[in-house]
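Chain by chain, the residues:
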Amino acid sequence: MSEVKLSAETRTDFGKGAARQARRDGKVPGVIYGHGTAPKHVDVEGHGLMMALKTANVLISLDIAGTGSELVIPKAVQRHPVKRSLTHVDFLIVQKGEKVTVDVPVVTEGELAPGGNLLETLLTTISVETEATHIPTEVTVSIAGLEAGASIHAKDLVLPKGTTLAVDGETAVLQVVSAQAEEPAAEAEGTEA
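For clarity, every value in this text was computed on a predicted model and none was experimentally measured.

Engineer: Before we move on, can you summarise a positive patch on the surface with the specific residues and values?
Structural biologist: On the surface, K16, R20, R23 and R24 cluster together into a patch of positive charge. Relative to the helices and strands, R20 is located in helix 1 (residues 16-24). Since its relative accessible area comes to 47%, R20 is described here as partly exposed.

Here you go:
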């Protein structure tokens, strides 16, 4: 995964008023923390951040005016409940070669066996431990030909090199169930001919 470069400024004013002003200026307030350093409060360019966050677990190189750059991943993203615009982001500092635990989307491919089988998704994401600079965008699992009663557990997933499970291998991810047939409507009694 390549890293996205964004510009940021150190934030000196705090509180609702300062955060609102930053958002009016097209910036998103955020906090950078990790590796035992004191938290840094920043304002990040809003549009670039919104576009970067369309990719799950994106690696961001924040160029902070006057203090250098930090390699971070978004840890918590807050959005406006109605407008869905970004209101605040927490960033975690990472270093090249460092292992991080992230949730990666599980994607299916293929078709189930014919005969009215249905796929029940139990987990849409799986927690994995991987190198911060090589976070997989997704984990793909084949469901081709699976019949009712089959299930796929976390240990069955094929993970990229250098990535390990951060959950119990027996955790069920997907299962195939048979379609439930509707009961025929009860025939009316005493109908006249």
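Moving on, there is more to tell.
Engineer: Tell me what's going on with the environment of T55, and back it up with residues and numbers.
Structural biologist: Considering the arrangement of structural elements, one finds T55 in the loop between helix 2 (46-52) and strand 4 (60-64). Look at T55 and you get partly exposed, because its relative accessible area is 36%. Counting along the chain gives 62 residues from T55 to N117, while the straight-line C-alpha distance between them is 32 Å.

Engineer: So what's going on with the sheet that holds strand 3 (residues 37-45)? Which residues, and what values?
Structural biologist: In space, the 6 strands of this closed barrel follow the order 1-3-2-6-5-4, with mixed pairing throughout. With strand direction ignored, the average angle separating the axes of adjacent strands in the sheet is 45°. Bridge analysis of strand 5 (residues 68-79) against strand 6 (residues 86-93) gives 7 bridges, and the strand direction is antiparallel. Within the sheet, the bridge partner assigned to Q78 lies in strand 6 and is H88. In this fold helix 1 packs onto strand 2 (27-34), strand 3 and strand 6, with an angle of close to 115° to the strand it touches most, strand 2.

Engineer: Give a description of the side chain of T163 that names residues and reports values.
Structural biologist: Structurally, the position occupied by T163 is in the loop between strand 11 (151-153) and strand 12 (164-165). If near-sequence neighbours (up to four positions away) are discounted, T163 is found in contact with V128, E129, T130 and P136.

The rules we used
Residues numbered from 1 in each chain as written. Predicted model: local features only at pLDDT ≥ 70, side-chain atom pairs only at ≥ 80, totals over all residues. Heavy atoms only, no water. Patch = residues over 30% accessible without salt bridge, like charges linked within 9 Å, V, L, I, M, F, W, Y side chains within 5 Å. Areas by Shrake-Rupley, 256 points an atom, 1.4 Å probe, with all protein chains shown as cover. Salt bridge = Lys/Arg side-chain N within 4 Å of Asp/Glu carboxyl O. Lys, Arg positive; Asp, Glu negative; His and termini not counted. Charge placed at Lys NZ, Arg CZ, Asp CG, Glu CD. Helix = DSSP H or I, 4+ residues; strand = E, 2+ residues; numbered from the N terminus. Buried < 20%, exposed > 50% of the residue type's maximum accessible area, 1.4 Å probe, protein only. Pairing = 2+ DSSP bridges. Axes fitted to C-alpha atoms, helices over the stretch in contact; angles between N-to-C directions. Contact = heavy atoms within 4.5 Å.

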